[in-house]
Amino acid sequence: MATALSSFRYADGLVVVGISVCTAFLCEGISWILIYRTSTYKSLRSSIDKASKKLESMKSTSSFAAATAGAAVGAPASSSKKPSSRAKKMDRVETSLKESTRDLSLSKFKSGAVVAAVLFVVFGLLNSLFEGRAVAKLPFSPIPLVLKMSHRGLPGTDPTDCSMVFLYFLCSISIRTNLQKFLGFSPPRGAAGAGLLPMPDPKTS
(Lines give C-alpha, C1' and ligand atoms only; values in the text may rest on other atoms or scores of the structure.)
Protein backbone atom coordinates (compact mmCIF):
# COMPACT_ATOMS: atom_id res chain seq x y z
CA MET A 1 0.00 0.00 0.00
CA ALA A 2 2.83 2.39 0.94
CA THR A 3 4.63 1.56 -2.30
CA ALA A 4 1.52 2.31 -4.33
CA LEU A 5 1.04 5.64 -2.59
CA SER A 6 4.71 6.49 -3.09
CA SER A 7 4.53 5.81 -6.82
CA PHE A 8 1.27 7.74 -7.12
CA ARG A 9 2.99 10.74 -5.54
CA TYR A 10 4.92 11.29 -8.75
CA ALA A 11 1.87 11.05 -11.00
CA ASP A 12 1.55 14.85 -10.99
CA GLY A 13 5.09 15.18 -12.27
CA LEU A 14 4.41 12.68 -15.06
CA VAL A 15 1.31 14.64 -16.04
CA VAL A 16 3.33 17.87 -16.25
CA VAL A 17 6.03 16.18 -18.35
CA GLY A 18 3.42 14.55 -20.60
CA ILE A 19 1.61 17.85 -21.18
CA SER A 20 4.96 19.52 -21.88
CA VAL A 21 5.78 16.90 -24.53
CA CYS A 22 2.37 17.27 -26.17
CA THR A 23 2.68 21.06 -26.09
CA ALA A 24 6.12 20.87 -27.73
CA PHE A 25 4.72 18.74 -30.56
CA LEU A 26 1.77 21.12 -30.92
CA CYS A 27 4.05 24.18 -31.07
CA GLU A 28 6.31 22.58 -33.65
CA GLY A 29 3.25 21.60 -35.68
CA ILE A 30 2.06 25.20 -35.64
CA SER A 31 5.54 26.40 -36.61
CA TRP A 32 5.63 23.90 -39.48
CA ILE A 33 2.26 25.07 -40.81
CA LEU A 34 3.09 28.78 -40.54
CA ILE A 35 6.84 28.79 -41.27
CA TYR A 36 8.84 25.65 -41.96
CA ARG A 37 6.87 24.45 -44.98
CA THR A 38 6.85 27.83 -46.74
CA SER A 39 9.10 28.51 -49.71
CA THR A 40 10.29 31.75 -48.09
CA TYR A 41 11.66 29.92 -45.06
CA LYS A 42 13.30 27.22 -47.19
CA SER A 43 14.91 29.84 -49.42
CA LEU A 44 16.23 31.87 -46.47
CA ARG A 45 17.53 28.78 -44.71
CA SER A 46 19.33 27.68 -47.87
CA SER A 47 20.86 31.14 -48.28
CA ILE A 48 22.07 31.17 -44.67
CA ASP A 49 23.59 27.70 -44.98
CA LYS A 50 25.44 28.61 -48.18
CA ALA A 51 26.63 31.98 -46.85
CA SER A 52 27.85 30.54 -43.54
CA LYS A 53 29.77 27.75 -45.29
CA LYS A 54 31.27 30.22 -47.75
CA LEU A 55 32.25 32.57 -44.92
CA GLU A 56 33.91 29.77 -42.96
CA SER A 57 35.84 28.73 -46.06
CA MET A 58 36.95 32.30 -46.72
CA LYS A 59 38.05 32.80 -43.11
CA SER A 60 40.12 29.62 -43.10
CA THR A 61 41.70 30.59 -46.44
CA SER A 62 42.37 34.11 -45.15
CA SER A 63 44.07 32.86 -41.99
CA PHE A 64 46.25 30.51 -44.04
CA ALA A 65 47.17 33.32 -46.47
CA ALA A 66 48.00 35.64 -43.57
CA ALA A 67 50.30 33.06 -42.05
CA THR A 68 52.01 32.52 -45.40
CA ALA A 69 52.40 36.27 -45.98
CA GLY A 70 53.89 36.67 -42.52
CA ALA A 71 56.59 34.17 -43.37
CA ALA A 72 57.52 36.05 -46.55
CA VAL A 73 59.03 39.30 -45.23
CA GLY A 74 60.15 40.63 -48.59
CA ALA A 75 56.82 40.26 -50.40
CA PRO A 76 56.12 42.75 -53.21
CA ALA A 77 53.78 45.68 -52.55
CA SER A 78 51.21 44.41 -55.07
CA SER A 79 50.47 41.42 -52.82
CA SER A 80 49.03 43.75 -50.17
CA LYS A 81 46.06 44.39 -52.43
CA LYS A 82 44.92 40.77 -52.21
CA PRO A 83 44.06 40.83 -48.48
CA SER A 84 42.09 44.04 -49.04
CA SER A 85 40.08 42.47 -51.87
CA ARG A 86 39.54 39.32 -49.82
CA ALA A 87 38.36 41.39 -46.86
CA LYS A 88 35.81 43.18 -49.05
CA LYS A 89 34.46 39.85 -50.30
CA MET A 90 34.17 38.56 -46.72
CA ASP A 91 32.39 41.77 -45.74
CA ARG A 92 29.83 41.29 -48.54
CA VAL A 93 29.21 37.68 -47.51
CA GLU A 94 28.82 38.70 -43.83
CA THR A 95 26.36 41.44 -44.82
CA SER A 96 24.34 38.98 -46.90
CA LEU A 97 24.36 36.48 -44.03
CA LYS A 98 23.14 39.08 -41.54
CA GLU A 99 20.36 40.24 -43.85
CA SER A 100 19.14 36.67 -44.43
CA THR A 101 19.30 35.98 -40.69
CA ARG A 102 17.29 39.12 -39.97
CA ASP A 103 14.66 38.19 -42.57
CA LEU A 104 14.46 34.67 -41.13
CA SER A 105 13.93 36.05 -37.63
CA LEU A 106 11.22 38.45 -38.80
CA SER A 107 9.44 35.63 -40.63
CA LYS A 108 9.01 33.83 -37.31
CA PHE A 109 6.93 36.57 -35.70
CA LYS A 110 3.60 35.13 -36.84
CA SER A 111 4.19 31.65 -35.46
CA GLY A 112 5.96 33.10 -32.43
CA ALA A 113 2.81 34.96 -31.39
CA VAL A 114 0.63 31.86 -31.81
CA VAL A 115 3.10 29.63 -29.95
CA ALA A 116 3.35 32.18 -27.13
CA ALA A 117 -0.45 32.19 -26.82
CA VAL A 118 -0.52 28.37 -26.67
CA LEU A 119 2.20 28.28 -24.02
CA PHE A 120 0.36 30.94 -21.99
CA VAL A 121 -2.88 28.94 -22.05
CA VAL A 122 -1.11 25.68 -21.13
CA PHE A 123 0.79 27.36 -18.30
CA GLY A 124 -2.44 28.84 -16.94
CA LEU A 125 -4.11 25.41 -17.06
CA LEU A 126 -1.23 23.70 -15.28
CA ASN A 127 -1.04 26.47 -12.71
CA SER A 128 -4.74 26.06 -11.87
CA LEU A 129 -4.35 22.27 -11.57
CA PHE A 130 -1.16 22.13 -9.50
CA GLU A 131 -1.07 25.42 -7.62
CA GLY A 132 0.42 24.92 -4.15
CA ARG A 133 1.28 21.25 -4.83
CA ALA A 134 4.68 19.63 -5.13
CA VAL A 135 4.72 17.69 -8.40
CA ALA A 136 8.15 16.08 -7.97
CA LYS A 137 11.10 15.60 -5.62
CA LEU A 138 14.53 16.96 -6.42
CA PRO A 139 17.46 14.61 -5.71
CA PHE A 140 19.37 17.47 -4.07
CA SER A 141 18.86 20.73 -2.21
CA PRO A 142 19.20 23.50 -4.80
CA ILE A 143 21.13 26.71 -4.28
CA PRO A 144 19.10 29.66 -2.93
CA LEU A 145 18.72 31.28 -6.36
CA VAL A 146 17.26 28.11 -7.91
CA LEU A 147 15.24 27.38 -4.75
CA LYS A 148 13.19 30.53 -5.29
CA MET A 149 11.82 29.04 -8.49
CA SER A 150 11.77 25.34 -7.61
CA HIS A 151 9.86 25.99 -4.35
CA ARG A 152 7.72 28.84 -5.65
CA GLY A 153 4.19 28.81 -4.23
CA LEU A 154 4.71 25.61 -2.22
CA PRO A 155 3.89 25.28 1.48
CA GLY A 156 6.43 23.87 3.93
CA THR A 157 10.19 24.21 4.06
CA ASP A 158 11.37 21.03 2.30
CA PRO A 159 13.91 22.33 -0.29
CA THR A 160 13.60 19.17 -2.38
CA ASP A 161 9.92 19.82 -3.18
CA CYS A 162 9.58 20.79 -6.84
CA SER A 163 6.86 23.13 -8.02
CA MET A 164 5.03 22.85 -11.31
CA VAL A 165 6.59 26.11 -12.52
CA PHE A 166 10.14 24.77 -12.17
CA LEU A 167 9.41 21.38 -13.75
CA TYR A 168 7.51 22.96 -16.63
CA PHE A 169 10.37 25.40 -17.19
CA LEU A 170 12.92 22.58 -17.37
CA CYS A 171 10.73 20.62 -19.75
CA SER A 172 10.12 23.64 -21.97
CA ILE A 173 13.80 24.44 -22.50
CA SER A 174 14.88 20.82 -22.99
CA ILE A 175 12.08 18.95 -24.78
CA ARG A 176 11.33 21.48 -27.52
CA THR A 177 15.01 22.18 -28.25
CA ASN A 178 15.77 18.48 -28.70
CA LEU A 179 12.54 17.98 -30.64
CA GLN A 180 13.57 20.71 -33.08
CA LYS A 181 16.92 18.98 -33.62
CA PHE A 182 15.20 15.62 -34.10
CA LEU A 183 12.72 17.01 -36.64
CA GLY A 184 15.38 19.08 -38.40
CA PHE A 185 13.76 22.40 -37.45
CA SER A 186 16.68 23.80 -35.45
CA PRO A 187 18.04 27.16 -36.68
CA PRO A 188 20.82 27.08 -39.28
CA ARG A 189 24.36 27.37 -37.95
CA GLY A 190 24.76 30.89 -39.29
CA ALA A 191 21.51 32.00 -37.58
CA ALA A 192 21.94 30.11 -34.30
CA GLY A 193 22.52 33.30 -32.30
CA ALA A 194 19.77 35.32 -33.90
CA GLY A 195 16.69 36.20 -31.90
CA LEU A 196 13.38 37.72 -32.86
CA LEU A 197 14.97 41.16 -32.64
CA PRO A 198 18.48 40.84 -34.08
CA MET A 199 20.95 43.62 -33.43
CA PRO A 200 21.40 46.02 -36.35
CA ASP A 201 24.62 45.94 -38.30
CA PRO A 202 26.72 48.98 -37.29
CA LYS A 203 28.26 49.05 -40.79
CA THR A 204 24.87 49.82 -42.35
CA SER A 205 24.06 52.69 -39.99
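Everything numeric here is computed off the predicted structure, so don't read it as measured data.

A word on the side chain of Ser111. Within the secondary structure layout, Ser111 lies in helix H5 (residues 109-130). Setting aside its immediate chain neighbours within four residues, Ser111 contacts Ser31, Leu34 and Ile35.

This next bit is on the nonpolar core. Counting 21 residues, the largest nonpolar core has Val16, Val135 and Met164 as the members making the most contacts within it. At the level of elements, helix H2 (11-36), H5 and helix H7 (164-183) are the ones that each hand at least two residues to this core. By residue number, the principal contributor to this core is H7, which donates eight residues. If we ignore the near neighbours within four places in the chain, the residues touching Met164 are Val16, Phe123, Leu126, Asn127, Phe130, Arg133 and Val135.

A cluster of basic side chains, namely Lys54, Lys88, Lys89 and Arg92, defines a positive patch on the protein surface. For the positive patch, the element with the most residues is helix H4 (residues 81-107), which contributes three residues. Looking at where Lys54 falls in the secondary structure, it is placed in helix H3 (residues 39-71).

A few words on the side chain of Glu28. The topology assignment puts Glu28 in helix H2. Overall, Glu28 belongs to the buried group, its relative accessible area being 1%. Once you skip the residues sitting within four places of it in the chain, Glu28 turns out to touch Tyr36, Arg176, Leu179, Gln180, Leu183 and Phe185.

This part covers the UniProt feature "transmembrane region" (unreviewed entry) in the protein chain. According to UniProt, the feature "transmembrane region" (unreviewed entry) maps to residues 14-36 and 112-130 in the numbering used here. Measuring from the first to the last C-alpha atom of residues 14-36 gives 30 Å, for a span that is 100% helix and 0% strand. End-to-end, the C-alpha atoms of residues 112-130 are 26 Å apart, and along that stretch the chain is 100% helix and 0% strand.

Here the focus is the environment of Gly153. Tracing the backbone shows Gly153 in the loop between helix H6 (144-150) and strand S2 (161-162). We classify Gly153 as exposed; its relative accessible area is 59%. With ten residues separating them along the chain, Gly153 and Ser163 place their C-alpha atoms 7.3 Å apart.

The end-to-end C-alpha separation of H2 is 35 Å, in line with the 38 Å expected for 26 residues at 1.5 Å each. By the burial criterion, the buried members of H2 are Asp12, Gly13, Val16, Ser20, Thr23, Ala24, Cys27, Glu28, Ile30, Ser31, Ile35 and Tyr36.

Among the surface-exposed residues, Trp32, Ile33, Leu34 and Val114 lie close enough to one another that they form a single nonpolar patch of about 320 Å² accessible area. When residues in the nonpolar patch are grouped by element, the largest group, three residues, is from H2. Among the secondary structure elements, Ile33 is positioned in helix H2.

Looking now at the environment of Ala51. For Ala51, the position within the fold is in helix H3. Since its relative accessible area comes to 9%, Ala51 is described here as buried. Separated by 46 residues in the primary sequence, Ala51 and Leu97 place their C-alpha atoms 5.8 Å from one another. Apart from residues no more than four positions distant in its own chain, Ala51 is found in contact with Val93 and Leu97.

Reading the values: rules and limits
Residues numbered from 1 in each chain as written. Predicted model: local features only at pLDDT ≥ 70, side-chain atom pairs only at ≥ 80, totals over all residues. Heavy atoms only, no water. Helix = DSSP H or I, 4+ residues; strand = E, 2+ residues; numbered from the N terminus. Contact = heavy atoms within 4.5 Å. Core = buried A, V, L, I, M, F, W, Y, C linked by side-chain atoms within 4.5 Å. Buried < 20%, exposed > 50% of the residue type's maximum accessible area, 1.4 Å probe, protein only. Patch = residues over 30% accessible without salt bridge, like charges linked within 9 Å, V, L, I, M, F, W, Y side chains within 5 Å. Areas by Shrake-Rupley, 256 points an atom, 1.4 Å probe, with all protein chains shown as cover. Salt bridge = Lys/Arg side-chain N within 4 Å of Asp/Glu carboxyl O. Lys, Arg positive; Asp, Glu negative; His and termini not counted. Charge placed at Lys NZ, Arg CZ, Asp CG, Glu CD. UniProt positions renumbered as here; feature names shortened; annotations may be inferred. Expected span 1.5 Å × (residues − 1).

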